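Chain by chain, the residues:
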Amino acid sequence: MKIAHKIATALFTVSLLATAGCASTSTKEGTGEYVDDSVITTKVKASIFNEPSLKSTEINVETFKGTVQLSGFVAQPEDIAKAGEVARGVKGVTGVKNDIHVK
């Protein structure tokens, strides 16, 4: 019985450590957050692609904990605001950092 109890305790300890390894910190995403951010990034890229006035090849999209960062170069100043507006309209986006510049 003592051996079974020690094995059960060891397995429980290992499972707790494994769970803690997947937790997020202020600078690192957890596994679930990474997947969520990947989905948000894909949706923002698709929205930008579907916007006829924007060239999706000129705009880079990255997401960290729901905050989308847009970067790249566009031809018109209006395109900067339009890209930010499109990104804000995507479900799951909590904020937008717009670092797009005019060529």
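As recorded by an unreviewed UniProt entry, the protein chain carries the name Osmotically-inducible protein Y and is attributed to Rugamonas rivuli.

Novice: Can you walk me through the pattern of salt bridges in this structure?
Specialist: Once their charged atoms are close, side chains differing in charge can pair, the charge on each being opposite to the other. Tallied over the full model, the rule gives three salt bridges. Note that E58 and K103 form a salt bridge whose closest N and O atoms lie 2.8 Å from each other. Of the two residues, E58 sits in the loop between helix 2 (31–50) and strand 1 (59–64) while K103 sits in the segment after strand 3 (95–102), which places them 45 residues apart along the sequence. Looking at E58, the relative accessible area reads 18%, which means it is buried. Ionic pairing is found between K82 and E85, a salt bridge with its closest N-O pair at 3.6 Å. Of this pair, K82 and E85 both sit in helix 3 (residues 77–88), separated by three residues, roughly a single helical turn. A network of salt bridges, in which partner residues are shared, links E51, K82 and E85.

Novice: When you look at the nonpolar core in this model, what are you seeing that I'm missing?
Specialist: The tendency in soluble globular proteins is for nonpolar side chains to be buried as a group. By size, the foremost hydrophobic cluster in this structure holds 16 residues, and its most contacted members are V44, I48, I59, V61, V68, L70 and V93. Elements supplying a minimum of two residues to this core: helix 2, strand 1, strand 2 (67–74), helix 3 and strand 3. Sequence-distant contacts of I48, that is, excluding residues within four places in its chain, are made with L54, S56, I59, V61, L70 and V86.

Rules behind the numbers
Residues numbered from 1 in each chain as written. Predicted model: local features only at pLDDT ≥ 70, side-chain atom pairs only at ≥ 80, totals over all residues. Heavy atoms only, no water. Salt bridge = Lys/Arg side-chain N within 4 Å of Asp/Glu carboxyl O. Helix = DSSP H or I, 4+ residues; strand = E, 2+ residues; numbered from the N terminus. Buried < 20%, exposed > 50% of the residue type's maximum accessible area, 1.4 Å probe, protein only. Core = buried A, V, L, I, M, F, W, Y, C linked by side-chain atoms within 4.5 Å. Contact = heavy atoms within 4.5 Å.

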